[in-house]
Amino acid sequence: MKWIRQRLDKIKEPFSKGKKYEKFAPAINALDTFLFVPNHTTQKGAHVRDAVDLKRVMITVVIALIPALIFGIWNAGYQYLSQIQEQVGFCEAMGEGAIKVLPMVAVSYAVGLGIEFAFAVFRGHEVNEGYLVTGLLIPMVMPVDIPLWMVAVSVVFAVLIGKEAFGGTGMNILNPALTARAFAFFAYPTYMSGNGVWVSEASELDAVSGETILGKLAAGTDVPYNTMDMFSGLIPGSIAETSTICILAGALLLVLTKVGSWRIIVSGFLGAAFMAFIFNLLGGSYPNNDLMNFPWYNHLVIGGLAFGIVFMATDPVSAAQTYKGKWIYGFLIGLFAVMIRIFNPAYPEGIMLAILLMNVFAPTIDHYVIQGNIKKRKKRVKAQVKTAV
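> Lay out unusual backbone geometry in plain terms, naming residues and giving numbers.
Positive phi values are uncommon outside glycine, yet K258 reaches one of about 60°. Turning to its location among the elements, K258 is positioned in the loop between α11 (244–256) and α12 (262–282).

> Can you lay out the pattern of salt bridges for me, pointing to particular residues and giving the numbers?
Tallied over the entire structure, the rule returns two salt bridges. With a shortest N-O distance of 2.4 Å, K163 and E116 are connected by a salt bridge. In this pair, K163 sits in the loop between α6 (148–160) and α7 (176–187) while E116 sits in helix α4 (residues 90–123), placing the two residues 47 residues apart along the sequence. Here R181 ties to E241 by a salt bridge, and the two come within 3.0 Å at their closest N and O atoms. With R181 in helix α7 and E241 in the loop between α10 (227–232) and α11, the pair connects residues that are 60 residues apart, well separated along the chain. Residue class for R181 comes out buried when judged on its relative accessible area of 8%. On the basis of relative accessible area, E241 is assigned to the buried category, the value being 9%.

> Before we move on, could you go through the packing of α11 against helix α15 (residues 305–312) and cite the residues and values that matter?
Viewed as axis vectors pointing N to C, α11 and α15 meet at an angle of 15°, and their least axial separation amounts to 10 Å. As judged from the angle between their axes, α11 and α15 are roughly parallel. Between α11 and α15 lies a crossing whose hand is left-handed. Across the interface between the two elements, T244, I247, G250, A251 and L254 of α11 pack against A306, F307, V310 and F311 of α15. Residues belonging to the contact of α11 with α15 are distributed by class as follows: seven nonpolar, two polar and no charged.

> Break down α11 for me, citing the residues and quoting the values.
Under the 1.5 Å per step criterion, the end-to-end length of α11 is 18 Å for 13 residues, consistent within 8% with the ideal 18 Å. Every buried residue of α11 is listed here: T244, C246, I247, G250, A251 and L254. The buried residues of α11 occupy an angular sector of 160° when projected down its axis, which confines them to one face. Facing away from the buried surface of α11 by more than 90 degrees, the exposed residues are L252 and L256. Just past α11, the residue K258 takes up positive phi, approximately 60°.

The rules behind each value
Residues numbered from 1 in each chain as written. Predicted model: local features only at pLDDT ≥ 70, side-chain atom pairs only at ≥ 80, totals over all residues. Heavy atoms only, no water. Helix = DSSP H or I, 4+ residues; strand = E, 2+ residues; numbered from the N terminus. Salt bridge = Lys/Arg side-chain N within 4 Å of Asp/Glu carboxyl O. Buried < 20%, exposed > 50% of the residue type's maximum accessible area, 1.4 Å probe, protein only. Axes fitted to C-alpha atoms, helices over the stretch in contact; angles between N-to-C directions. Parallel < 35°, antiparallel > 145°, perpendicular 65-115°, else oblique. Left-handed = near helix turned anticlockwise from the far one by under 90°. Contact = heavy atoms within 4.5 Å. Nonpolar A, V, L, I, M, F, W, Y, C, P; charged D, E, K, R; others polar. Expected span 1.5 Å × (residues − 1). Arc of directions from axis to C-beta.

This is how it looks when you write it as structure tokens:
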């Protein structure tokens, strides 16, 4: 590590203050702080220094995403190959999936980080670390057959409108990855519907169907998967949203490292289960609505609900901050996700809209929670004064 430190210091010399490339210092400093803890000296005010900074937090989230990403790559290849041949090997499925997924990840990081570096140089500040996670989340919530140029355009919209317009990382009111997905859905609905096909030039077939469970339920067709298939992830869907097992493994890491809020995760699933159970009770009155009659526990393991609650709703910037607010925030996300899913047949996946909606109301929830605590304390003080008198 000492050798790397020395080499970096030598590379940074032309970018130091007063040197020829001083303007581009934020770009080279990003590499430095990615490898080493920032060597900042606090000049004033109370402070606590430790080894955890924003980059380390983001890297923890990236590690938590790896199980879902690896499974998503394999499942993308498996879903395609299983329909054109009888047996599918693990490596064969991984290779086929990687051909589609890895270029999406590369495009997301190249375009997003390019914009981040450009803004850092233009504004003269350090490169924001938030895109370490956003750059991976965006392709993971996209359909595997979406064109790369659509991924690039969605990334540009998310970074410019969803984050930089508000001042950069830590200032955005909406989750940037969901902003990208929302843009892609409303701009290119036919590619985001979940009813598309994956075309392969190497195949004699023209195309392979990729309709999701939610798409089948909305269309009133039979679902050829059982609960274990849905829980394990052996179903069509966006790249990393199908395997609830892998998503929960990532959730465990986030909770143990205290990067993600267990209150939001638990309350999100409780809200979804509550709403789905209510609709199951009312389902007898609407026999033609397959989504309403779909078992409540299956609602928790299909679509992007689990992935959204674990990795999107827990975003520390756009989520509620108070303990009681997190319970309310998470519960309403789960509740609205299932409600939108059932009442909107044109878009049966509601977790995206539910999280974006609650992102907007998160500050309001925290405000009323804090005001409620203030009123309780004032009443407590008044009661103590009366007792003392």
